[in-house]
Amino acid sequence: MEKRNNDQLHSSPLPHRQGQGGGSMDIPLPPKPWYVKYRMYILGGAVLVALVVYALVLQLGPRTLKVEIDDEQIAVVTEGEFLEYIDVNGVVAPATSMRVNAIESGTVERICCHNGDVLRRGDTILILSNPKVLEEMATERQNYDLQQMQHRQQLIEMQQKSITLRSQALQANFELKKMAQDYELAEEEARMGVKSQAQLKVARDEYDYNRRRTLLSIESLHQDSVLNVIGRQLIQQQMAMEAQKLGNSDRRRDGLTILAPADGQIGNLNAVIGGQVAAGEQVGEIGVLTDYKVTARLNEYFIDRIHTGLPASAMLKGQRHAFEVSRITPQVQDHGFAVELKPESGDGSFRPGQTLLLQIELGKPERRLMIPRGSFYAQTGGQWVMLVDETGHRARRVPIRLGRQNTEHYEVIGGLRPGDRILVSGYEAFGDADVVKW
């Protein structure tokens, strides 16, 4: 009972007040608001919400980074004449090259020049040895001499036969003439009455018969004479062919000496003393030093932009030389393709093997918005840059669009205006910051 009374005292919301009669009486007090009881919870929740909002603001707001920037990292967006070109290294080479091939196989006995030597036509390059070729040549010479003796003997026999045929023809003609005279005499005797008409007729028949037989003999002798002439001509032709064959055999010896086919510079000479060289094998190359070309390799990215006739230029000994794309090899190897350029003037300034820095123009100059090239492209891919504000101590990320490029500038298609200043380097230190200050 006593415990319950105490509880009632503690739970009573009103204090005891003293009445006039000296008695006590409970007076009710108004209830407190609900948030008073939960004020600590509300305060803690508010602090938590404030922290979350602050974190979101930091997360969603621009990320700012303080860096060190110098003037060399800042460039101005300009408008000017933009020329798209490619810088590429090219190597000077003779425009015309001639292969030097071995005519005969053999062993290299002597090397008479070295790579890079300038030769005249007919200068000796290599001397080969081949005992088998020399032996075959000696055998062919013996056969030739033997055949020549036989042919000369045949010609002598034909010459004698020709003399005999002429003698027989002469005899036949004499007999024919004599028979004509005998018949004329018989006619005269018949007119004089010495011979009868019957005897004249017999004389005429004998004359006709002998005349025809003699004419046939003369025709046969003529044909024999023609055949004899043709036979001699055939023998002479055969002798000429054999002489030509012997000449070719002699040239085999000459083929063991390899000569320069034209004036020029020898290159790719790969022979060694004692080495074997096969017939028809290439042993070197002669570059004709009257005209030159420049060979270069371009990235496959430009294969649709390059065509013959494009102008190019290069500096050599303080003078700019003009070139023109003359040939394109469309086969792509190792992500590149080859092009050839010819100089517009052959002033003799070029030397085989020289390396030139060529600028191949891909179009004509056009007025465009430009920014200098810089290391920013490696981090941004040309999608955005850091634009410097009016204070000159703060830059923010802005999206841009770039077009063509050359070795000095990028073409700006959108996102910047003339006079804007941008950071062109230092991006590797910015991380993912949206704003940098310095």
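Before reading on, note that the structure itself is shown above.
All values derive from a computational prediction rather than experimental measurement.

So, how was this worked out
Residues numbered from 1 in each chain as written. Predicted model: local features only at pLDDT ≥ 70, side-chain atom pairs only at ≥ 80, totals over all residues. Heavy atoms only, no water. Pairing = 2+ DSSP bridges. Helix = DSSP H or I, 4+ residues; strand = E, 2+ residues; numbered from the N terminus. Buried < 20%, exposed > 50% of the residue type's maximum accessible area, 1.4 Å probe, protein only. Axes fitted to C-alpha atoms, helices over the stretch in contact; angles between N-to-C directions. Disulfide = S-S within 2.5 Å. Patch = residues over 30% accessible without salt bridge, like charges linked within 9 Å, V, L, I, M, F, W, Y side chains within 5 Å. Areas by Shrake-Rupley, 256 points an atom, 1.4 Å probe, with all protein chains shown as cover. Salt bridge = Lys/Arg side-chain N within 4 Å of Asp/Glu carboxyl O. Lys, Arg positive; Asp, Glu negative; His and termini not counted. Charge placed at Lys NZ, Arg CZ, Asp CG, Glu CD. Core = buried A, V, L, I, M, F, W, Y, C linked by side-chain atoms within 4.5 Å. Contact = heavy atoms within 4.5 Å.

Draft legend 1. Region of interest: the sheet that holds strand β7 (residues 106-111). The sheet built from 4 strands is open, its strands ordered β10-β9-β7-β12 with antiparallel pairing. Both outer strands of the open sheet, β10 (257-259) and β12 (276-277), are each paired with one neighbouring strand and no more.

Draft legend 2. Quick look at unusual backbone geometry. The backbone of Lys317 shows a phi angle near 55 degrees, a positive value even though the residue is not glycine. Tracing the backbone shows Lys317 in the loop between β14 (311-316) and β15 (319-333). For Lys317, a relative accessible area of 73% corresponds to the exposed category. Even without being a glycine, His335 presents a positive backbone phi close to 65 degrees. Note on placement: His335 falls in the loop between β15 and β16 (336-343).

Draft legend 3. Spatial organisation of the sheet that holds strand β3 (residues 64-66). Ordered by their spatial adjacency, 6 strands build an open sheet running β3-β24-β20-β19-β23-β4, and the pairing between neighbours is mixed. Looking along the sheet, the strands with just one partner apiece sit at the ends: β3 and β4 (74-76). With direction set aside, neighbouring strand axes in the sheet form an average angle of 35 degrees. One ladder, built from 3 bridges, connects β3 with strand β24 (residues 435-437); its direction is parallel. Bridge pairing in β24 links Thr64 to Val435.

Draft legend 4. Representation of the state of the cysteines within the structure. Considering all chains together, one arrives at 0 disulfides under this definition. A disulfide-free cysteine, Cys113 has its sulfur positioned 6.9 Å from the sulfur of Cys112, the nearest such atom.

Draft legend 5. Region of the structure containing a positive patch on the surface. Together, Lys66, Arg394, Arg396 and Lys437 give the surface a local cluster of positive charge. Positionally, Arg394 belongs in strand β20 (residues 394-399). Arg394 gets classed as partly exposed once you look at its relative accessible area, which sits at 34%.

Draft legend 6. Just the nonpolar core, in detail. Grouped together as the largest cluster of nonpolar side chains are 27 residues, with contacts concentrated most on Ile371, Leu416, Leu423 and Val436. Listed by contribution, the elements that provide at least two residues to this core are β18 (366-372), β19 (384-388), β20, β22 (409-414) and β23 (421-423). Residue contributions to this core peak at 5 residues, all from β19. Excluding its chain neighbours within four sequence positions, the residues that come into contact with Ile371 are Val77, Phe376, Leu402, Glu408, His409, Tyr410, Val412, Leu416 and Ile422. Listed in part, the 23 residues of the second largest apolar core include Val92, Leu298, Ile306 and Leu362.

Draft legend 7. Geometry of the pattern of salt bridges. For the structure shown, the criterion picks out 10 salt bridges. For the salt bridge of Lys293 with Glu340, the shortest nitrogen-to-oxygen distance reads 3.4 Å. Of this pair, Lys293 sits in strand β13 (residues 282-299) while Glu340 sits in strand β16, and the two are 47 residues apart along the sequence. With its nearest N and O atoms 3.9 Å apart, the salt bridge here joins Glu340 to Arg327. With Glu340 in strand β16 and Arg327 in strand β15, this pair connects stretches of sequence that are 13 residues apart. A single network of salt bridges, built from pairs that share partners, joins Glu84, Arg305, Glu366, Arg368, Arg404 and Glu411.

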